[in-house]
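So you can see what is in the structure, the chains are spelled out below.
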Amino acid sequence: QVQLVESGGGLVQAGGSLRLSCAASGRTFSSYAMGWFRQAPGKEREFLAHINWSGSTYYADSVKGRFTISRDNAKNTVYLQMNSLKPEDTAVYFCAAMHQSSSKYDYWGQGTQVTVSS
């Protein structure tokens, strides 16, 4: 079992930056690939970024070049650095964990709200 807790959301002006954190419980964090997603009101959940066990990353085109995912296995934490934020980035942001034996994200956090004002 893995419990995920996101933090770092808030209100920011367009063009600004935020860094989200996702703290994971358990001793086997390094065995999980991690992802970030978001969901805006009335829209489906959207994939943003993924980082695997070795640190390789993958991004959705909508955030490539603006968002950066990273992880600190010693702190059991994954981060999402968000730069050049736009009002359309407003959403609830979730982190998720995928065990190396799995092909899907098995665990999800409760989400953190990000609001970008114009």
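Going by the structure above, here's the rest.
Overview of the structure. Keep in mind the model is a prediction, meaning the values are calculated, not measured.

Some remarks on the sheet that holds strand E3 (residues 18-24)
Think of a sheet as strands paired side by side through backbone hydrogen bonds, with each pair either parallel or antiparallel.
Right, on to step 1. Within the open sheet, the 4 strands sit side by side as E1-E3-E8-E7. Their pairing is antiparallel. Edge positions in the sheet fall to strand E1 (4-7) and strand E7 (67-72), since each of these pairs with one other strand and no more. Pairwise comparison of adjacent strand axes, ignoring direction, gives a mean angle of 15° for this sheet.
Right, on to step 2. With 6 bridges connecting them, E7 and strand E8 (residues 77-82) associate as antiparallel partners. Its bridge partner being in E8, Arg 71 is matched across the sheet by Val 78.

Considering the packing of aromatic side chains
Right, on to step 1. Summed over all chains, the structure comprises 6 aromatic pairs.
Right, on to step 2. Put simply, the rings of Phe 37, Phe 47, Tyr 58, Tyr 105 and Trp 108 touch in pairs and so form one group of aromatic residues.
Right, on to step 3. Above the face of the Phe 37 ring, Arg 45 is positioned so that its terminal group lies 5.7 Å from the ring centre.
Right, on to step 4. Seen from the ring of Trp 108, Arg 45 lies directly overhead, with NZ or CZ sitting 4.0 Å from the centre.

Description of the pairing of E8
Right, on to step 1. Most of E8 is tucked away, with 5 of its 6 residues classed as buried.
Right, on to step 2. As consecutive antiparallel partners, E7 and E8 are separated by 4 residues, and within that stretch Asn 76 has a phi angle of approximately 50°, a positive value.

What to know about unusual backbone geometry
Right, on to step 1. Positive phi, normally seen in glycine, also occurs at Asn 76, with a value near 50°.
Right, on to step 2. Classification of Asn 76 as buried rests on a relative accessible area of 17%.
Right, on to step 3. If you check the backbone angles, Ser 84 has positive phi at about 50° while not being a glycine.
Right, on to step 4. Mapped onto the elements, Ser 84 comes out in the loop between E8 and strand E9 (91-99).
Right, on to step 5. Taking the relative accessible area as the measure of exposure, Ser 84 reaches 41% and is therefore partly exposed.

So, the side chain of Asn 76
Right, on to step 1. Counting through the fold element by element, Asn 76 comes out in the loop between E7 and E8.
Right, on to step 2. If sequence neighbours within four positions are ignored, Asn 76 has contacts with Cys 22, Ala 23, Ala 24, Ser 25, Gly 26 and Phe 29.

A look at the nonpolar core
Right, on to step 1. Among the nonpolar cores identified, the biggest contains 30 residues, and Met 34, Trp 36, Leu 80, Met 82 and Tyr 93 are the most heavily contacted of them.
Right, on to step 2. Put simply, the parts of the chain that give this core at least two residues each are E3, strand E4 (32-39), strand E5 (46-51), E7, E8, E9 and strand E11 (112-117).
Right, on to step 3. Residues contacting Met 82, with those up to four places away along its chain left out, are Gly 16, Ser 17, Leu 18, Leu 20, Arg 66, Phe 67, Tyr 93 and Val 114.
Right, on to step 4. Formed by 5 residues, the second largest nonpolar core is a distinct cluster that contains Ala 33, Phe 37, Ala 96 and Tyr 105.

About the cut-offs
- Residues numbered from 1 in each chain as written.
- Predicted model: local features only at pLDDT ≥ 70, side-chain atom pairs only at ≥ 80, totals over all residues.
- Heavy atoms only, no water.
- Pairing = 2+ DSSP bridges.
- Helix = DSSP H or I, 4+ residues; strand = E, 2+ residues; numbered from the N terminus.
- Axes fitted to C-alpha atoms, helices over the stretch in contact; angles between N-to-C directions.
- Phe/Tyr/Trp six-rings, centres within 6.5 Å; stacked < 30°, edge-to-face > 60°.
- Lys NZ or Arg CZ within 6 Å of the ring centre and 35° of its normal.
- Buried < 20%, exposed > 50% of the residue type's maximum accessible area, 1.4 Å probe, protein only.
- Contact = heavy atoms within 4.5 Å.
- Core = buried A, V, L, I, M, F, W, Y, C linked by side-chain atoms within 4.5 Å.

In short, geometric facts, not functional conclusions.
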